[in-house]
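Per-entry structural report
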Amino acid sequence: MKNTKTMYIAGYVASVILTLAAYVLVSTHVAHHHLYPTDTFMRYSLMILAVVQLFAQMVLFLGLGRDKKPRWNTYTFIFAGTIVLIIVIGSLWIMSNLNYRMMYSPEQINRYLHQEGDL
Amino acid sequence: MSTNAEIKEQNEQKTLFGFWVYLMTDIVLFASLFATFAVLRNNTFGGPNGEELFNINFVLAETLILLTSSFTCGAAMLAAHDKQKKEVMIWLGITFLLGLAFLGLEINEFHHLAAEGHSWRQSAFLSSFFTLVGTHGAHITVGLIWMGTMMYRVYQAGLNAMNLKRLTMLSMFWHFLDVIWIFIFTVVYMMGISG
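Residues numbered from 1 in each chain as written. Chains lettered and ligands numbered in written order. Predicted model: local features only at pLDDT ≥ 70, side-chain atom pairs only at ≥ 80, totals over all residues. Heavy atoms only, no water.

The share of residues in chain B with pLDDT of 70 or more is 99%, and the mean pLDDT across the chain is 95. The ipTM value of the predicted complex is 0.91, and its pTM value is 0.91. (pLDDT = per-residue confidence, 0-100.)

Right, here's the structure in full:
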């Protein structure tokens, strides 16, 4: 089944709405001196808006999930998505951990290691 | 025993699937660039951060232009399946112009930043920004070259099976670029501006 005109229009309208929603959210946040909505709310809602738009475009523009069995397109997308999550979440986690460990001066680090019995 | 038509159909499915897998690997490439940007976004080396550098209205314009071009590309595909050669040329032409406008705006932004001294050499943040957004821009450029080529091929040879297959892959590529832009728009610009 190829894309119908309805799917393209729906995908376009949905994406415009989701984009404008993000724009309004950020504009409001900046106008209220970054106090309202809160930073956490911003981060989560922007990510959610992006993921929803991702699926809207993947399904309505790129035809994800439309393949008959075996669903190779869907499976490879899920696999790529898994790799992406590992790369992004893994990098953020590791670098955050490194930054935390590197917070102190070398003398402080040495003192800490002596305390913990590692040296 | 498969008929000739069935074999051709299967081969086309395989080609399209192969292109889809390529797009999946491109997603992984962009993911690594995104991860790098996410890690380095606050490493401004005393220089300006996203909030100070990015203009939300400018970015919205870029985004809506690229989004519209994704839609017009879809319209071209619909015309292609209806074997409407002239409509295909028109819709592809509009898609091309919108893509060119997007690229122009982006190059303008890059030039403006570099001219003010905020080049990729100023900080890790800017380094990762230019790499991520620049790679996307490079993909757009290649897509535009491909689009120009396809417009020429369709004009010369019409909407034969080969051109239809190639147009399908081009439209997949173009939609994919807009998908990546969703995240550049969100992670780089929206999250950067909201701080």
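The subject of this paragraph is the packing of aromatic side chains. Residue and element names in this part refer to chain B. Applying the stated rule across the entire model yields 19 aromatic pairs over all chains. Between Phe54 and Phe125 the ring centres are 6.4 Å apart and the planes differ by 50 degrees, which places this aromatic pair in the tilted class. Remark: Phe125 occurs in helix H5 (residues 124-157) and Phe54 occurs in the loop between helix H2 (50-53) and helix H3 (56-81); sequence separation between them is 71 residues. Accessibility assignment for this pair places Phe54 and Phe125 in one class, buried. With a centroid separation of 5.3 Å and an interplanar angle of 80 degrees, the aromatic rings of Phe129 and Phe130 are classed as edge-to-face. The same class applies to Phe129 as to Phe130, namely buried. One aromatic cluster is present, built from ring pairs that chain together Phe37, Phe54, Phe102, Phe110, Trp120, Phe125, Phe129, Phe130, Trp181 and Tyr189. The ring of Tyr155 is capped by Lys85, whose NZ or CZ atom sits 5.8 Å from the centre of that ring. (Phe/Tyr/Trp six-rings, centres within 6.5 Å; stacked < 30°, edge-to-face > 60°. Helix = DSSP H or I, 4+ residues; strand = E, 2+ residues; numbered from the N terminus. Buried < 20%, exposed > 50% of the residue type's maximum accessible area, 1.4 Å probe, protein only. Lys NZ or Arg CZ within 6 Å of the ring centre and 35° of its normal.)

What follows covers the interface of chain B and chain A. Across the boundary between the two partners, chain B contributes 40 residues, which contact 43 residues of chain A. For the pair chain B and chain A, the two sides together bury roughly 3600 Å², of which 83% comes from carbon and sulfur. Across the chain B-chain A interface, the total number found is zero salt bridges. Where chain B packs against chain A, one counts eight residue pairs in polar contact (both at pLDDT 80 or more). Sorting the residues of the side of chain B that touches chain A by element identifies helix H1 (4-40), H3 and helix H6 (161-194) of chain B as the ones contributing at least two each. Ranked by residue count, the leading element in the side of chain B that touches chain A is H6(B), at 14 residues. Taken together, the residues of the side of chain B that touches chain A break down into 27 nonpolar, eleven polar and two charged. (Contact = heavy atoms within 4.5 Å. Buried area = accessible area lost by both parts, 1.4 Å probe. Salt bridge = Lys/Arg side-chain N within 4 Å of Asp/Glu carboxyl O. Polar contact = N/O pair within 3.5 Å; in protein donor to acceptor, adjacent residues only side chain to side chain. Nonpolar A, V, L, I, M, F, W, Y, C, P; charged D, E, K, R; others polar.)

Below, the discussion takes up H6(B). Residue and element names in this part refer to chain B. Look at H6: 48 Å from first C-alpha to last across 34 residues, which is about the 50 Å you get at 1.5 Å a residue. Taken as a whole, H6 carries its principal kink of about 25 degrees at Phe185. Of all 34 residues in H6, 31 are buried; the element is thus mostly enclosed. Immediately beyond the C-terminal end of H6, within one or two residues, lies Gly195, with a positive phi of roughly 70 degrees. (Expected span 1.5 Å × (residues − 1). Bend = angle between axes of the 7 residues up to and from the residue.)

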